[in-house]
Amino acid sequence: MSGGEIAALIAAGAFLMLVLVLAVPILRLRHTVDATTRMIGDLNDRTAPLLGDVNTTVKNVNVALEQAQTSLDGVNLQLAKVDTMTTHAQNVTANVANLAAVVSAAAANPLVKVAAFGYGVRKAASARRHAETEREVRDTIKQQRRSAKRGNR
């Protein structure tokens, strides 16, 4: 046997060892791929009914949303009517306020005149009393001065 043949035998043995070492992970990988394939099949079997249920739920939600939209349209119509009533009530309130102002002015004007007249009478009476008191005080002071001058002579 020559050196090339021995080298070929060693290379063949090494290749055989490599194949044996790699055979175990490849077999395990095959089992993993088989398990994954089964799991994907089960997932597909379970997903189809779920998607059908989701489809039904979406349809029900769409129906509920349509009913809510119909209700909102009705509410908007009622709010428009309430808005009209509020505007009318506001106009009535403004008219009542204006009427109250007119009545108040009509009633208050004579009352103001009577109050002013009463104030004027009180002021005049007070001024007259004050003037009388001042006159009496002046007269008293004049008499005291005269009697003081007579007493000094």
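Residues numbered from 1 in each chain as written. Predicted model: local features only at pLDDT ≥ 70, side-chain atom pairs only at ≥ 80, totals over all residues. Heavy atoms only, no water.

Draft legend 1. Fine view of a positive patch on the surface. A cluster of basic residues, Lys-142, Arg-145, Arg-146, Lys-149 and Arg-150, forms a positive patch at the surface. The residue Lys-149 is located in helix α1 (residues 3-152) in this model. (Patch = residues over 30% accessible without salt bridge, like charges linked within 9 Å, V, L, I, M, F, W, Y side chains within 5 Å. Areas by Shrake-Rupley, 256 points an atom, 1.4 Å probe, with all protein chains shown as cover. Salt bridge = Lys/Arg side-chain N within 4 Å of Asp/Glu carboxyl O. Lys, Arg positive; Asp, Glu negative; His and termini not counted. Charge placed at Lys NZ, Arg CZ, Asp CG, Glu CD. Helix = DSSP H or I, 4+ residues; strand = E, 2+ residues; numbered from the N terminus.)

Draft legend 2. Local environment of a nonpolar patch on the surface. Taken together, Phe-15, Leu-18, Val-19, Leu-22 and Ile-26 make up a surface patch of nonpolar side chains, about 490 Å² in accessible area. Tracing the backbone through its elements, the reader meets Val-19 in helix α1.

Draft legend 3. Representation of the pattern of salt bridges. Under the counting rule described, the total for this entry stands at three salt bridges. Note that Arg-128 and Glu-132 form a salt bridge whose closest N and O atoms lie 3.5 Å from each other. One end of the pair, Arg-128, and the other, Glu-132, are both in helix α1, four residues apart, so they sit about a helical turn from each other. A salt bridge links Glu-134 to Arg-138, with the nearest nitrogen and oxygen atoms 3.1 Å apart. Of this pair, Glu-134 and Arg-138 both sit in helix α1, four residues apart, which is roughly one turn of the helix. Using a relative accessible area of 51% as the deciding quantity, one classes Arg-138 as exposed. (Buried < 20%, exposed > 50% of the residue type's maximum accessible area, 1.4 Å probe, protein only.)

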